[in-house]
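# Summary of structural features
Letter by letter, the chains look like this.
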Amino acid sequence: MSSVDVINAEGTKAGSVDLPSNVFDVQANIPLMHQVVVAQLAAARQGTHKAKTRGEVAGGGKKPYKQKGTGRARQGSIRAPQFTGGGVVHGPVPRDYSQRTPKKMKAAALRGALSDRARDGRVYVVEAFVTGEKPSTKAALATLRKVTQTTKVLVVLDSQDELNWVSLRNEPSVHLIEAGQLNTYDVLVADEVVFTKVALDEFLGGTEKSEEGDK
């Protein structure tokens, strides 16, 4: 079990927290993470694409020219696929791209992604980004930049943390996510991951409950 410093809004150490080895120090299974990420991106697709077949394209009811005597190939409709404006052969149709991914696979892939970031020292914990009761993007960014300078950072907040959420939601270099929605794709896309202390406790608490339910 490793530990990381907890940074307060002033940028100084305010304690430390343990990172459980069963979540932040496991072997990363790259094929598993790839499969989970592909499934997640596939599920995000709308699948509403549609191309019209020759039977759905308007027009083309009349034979364009007589069957014989023209020297050209016989044609029955100007909406056949070989004509401009004709139907599409084997074109896309609406479909569901989602893939079934077991919860244990998702959890294992997430642990692998977090472990990869933790081993490189790219997981941080802060007390809060803003002190007081009024949102402030300037103050939140000042705290964040004392922790990391990366332009791709994943900030994990607890589900009730509206103050920090409002403070950081308009910053383009920050991707916000609730602890209960943390996933492999967002961890891998970000260069560094920053938890608030409450969000880390919420995430680890949810992980423990999930493991107990699997037993």
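Basis of the calculations
- Residues numbered from 1 in each chain as written.
- Predicted model: local features only at pLDDT ≥ 70, side-chain atom pairs only at ≥ 80, totals over all residues.
- Heavy atoms only, no water.
- Buried < 20%, exposed > 50% of the residue type's maximum accessible area, 1.4 Å probe, protein only.
- Helix = DSSP H or I, 4+ residues; strand = E, 2+ residues; numbered from the N terminus.
- Pairing = 2+ DSSP bridges.
- Salt bridge = Lys/Arg side-chain N within 4 Å of Asp/Glu carboxyl O.

## Observations regarding the pairing of strand E6 (residues 192–196)
A large share of E6 lies buried, amounting to five of its five residues. Alternating residues of E6 divide into Glu 192, Val 194 and Thr 196 and Val 193 and Phe 195, and every residue in both groups is buried. Here strand E3 (residues 123–126) runs beside E6; their pairing, made up of four bridges, is parallel. Within the sheet, the bridge partner assigned to Tyr 124 lies in E6 and is Val 194.

## Focus on the pattern of salt bridges
Under the definition given, this model contains eight salt bridges. Put simply, Asp 5 and Lys 13 hold a salt bridge, and the shortest N to O gap is 3.5 Å. Salt-bridge contacts for Asp 116 lead to Arg 117; the nearest nitrogen and oxygen are separated by 2.7 Å. Exposure remark for Arg 117: the relative accessible area of 6% places this residue in the buried category. Connected via shared salt-bridge partners are Asp 116, Arg 117, Asp 120 and Arg 122.

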